[in-house]
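Chain by chain, the residues run as shown.
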Amino acid sequence: MRESSQPSLWRRLQAGWWYLYGVGLCQLGLRTIDREVYRRAVQAFDRALAAWPDLALALYRRGLIRGRELGEYYAAIRDLETATRLRPDWPEPYLQRGLFHRFHHHNRAAIPELTTYVRLAPAGFWRTEAERMLACIQAELE
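On a predicted model such as this, the values are computed, not experimentally measured, just so you know.

Conventions adopted
Residues numbered from 1 in each chain as written. Predicted model: local features only at pLDDT ≥ 70, side-chain atom pairs only at ≥ 80, totals over all residues. Heavy atoms only, no water. Axes fitted to C-alpha atoms, helices over the stretch in contact; angles between N-to-C directions. Helix = DSSP H or I, 4+ residues; strand = E, 2+ residues; numbered from the N terminus. Parallel < 35°, antiparallel > 145°, perpendicular 65-115°, else oblique. Left-handed = near helix turned anticlockwise from the far one by under 90°. Contact = heavy atoms within 4.5 Å. Nonpolar A, V, L, I, M, F, W, Y, C, P; charged D, E, K, R; others polar. Core = buried A, V, L, I, M, F, W, Y, C linked by side-chain atoms within 4.5 Å. Buried < 20%, exposed > 50% of the residue type's maximum accessible area, 1.4 Å probe, protein only. Expected span 1.5 Å × (residues − 1).

Student: Can you walk me through the packing of helix 6 (residues 107-120) against helix 7 (residues 125-141) in this structure?
Tutor: A pair of packed helices can be characterised by two numbers: the angle between their axes and the separation between those axes. Two numbers describe how helix 6 lies on helix 7: the axes approach to 9 Å, and their chain directions differ by 150°. The orientation of helix 6 relative to helix 7 falls into the category roughly antiparallel. Viewed along their axes, helix 6 and helix 7 form a crossing whose handedness is left-handed. Contact residues: Asn107, Arg108, Ala110, Ile111, Leu114, Thr115, Tyr117 and Val118 in helix 6; Trp126, Arg127, Ala130, Glu131, Met133, Leu134, Ile137, Gln138, Glu140 and Leu141 in helix 7. Tallied by class, the residues present in the contact of helix 6 with helix 7 amount to 11 nonpolar, 3 polar and 4 charged.

Student: When you look at the nonpolar core in this model, what are you seeing that I'm missing?
Tutor: Among soluble globular proteins, nonpolar side chains are generally buried collectively. Residues Tyr19, Phe45, Leu55, Ala58 and Ile65 are the most contacted members of the largest nonpolar core, which totals 31 residues. Listed by contribution, the elements that provide at least two residues to this core are helix 1 (9-32), helix 2 (35-51), helix 3 (56-69) and helix 4 (73-86). The biggest single contributor to this core is helix 2, with 9 residues. With near-sequence residues (within four places) excluded, Phe45 lies in contact with Tyr19, Gly22, Val23, Cys26, Ala58, Arg61, Arg62 and Ile65. By size, the runner-up hydrophobic cluster in this structure holds 12 residues, among which are Leu95, Leu114, Val118 and Ile137.

Student: Teacher, can you tell me more about helix 3 here?
Tutor: Residues three or four positions apart in an α-helix share a direction because the helix packs 3.6 residues into each turn. Its 14 residues place the ends of helix 3 19 Å apart at the C-alpha level, agreeing with the 20 Å of an ideal helix rising 1.5 Å per residue. By the criterion of burial, helix 3 is predominantly enclosed, with 11 of the 14 residues buried. Those residues of helix 3 that are buried lie in contact with helix 1, helix 2, helix 4 and helix 5 (92-103). Among the residues trailing helix 3, Gly71 stands out with phi positive, at a value near 70°.

This is a description of form; function is not addressed.
Right under this line is the structure:
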């Protein structure tokens, strides 16, 4: 993150509170499967970002909710792209973008995302899964 974009302590505390509130709403959404709860979570992340525009965690979470629970593919991609601009060495947004592209049959767009994820991610299940998915996409495109 750019040092000059660091908000005041009060703004960071506000952002943290709204972020945590949004995460709590996401958990409630998982239990209730209520799209309105997810919309409220997005609003909470919006408020966190109003207080701290460079809070990559809030962008990431908002992107996840928009992409997975609300079906807002393009908005999700924008959020995740911004998160990676703020934290380019953070692997998770690349994985999610790759998965969203793959789910929406944009396989060529998924390749660089998943490749970057594989390069950045530690060994484990998701890196292995991303490698497998890359191989499947390559085979489909040939």
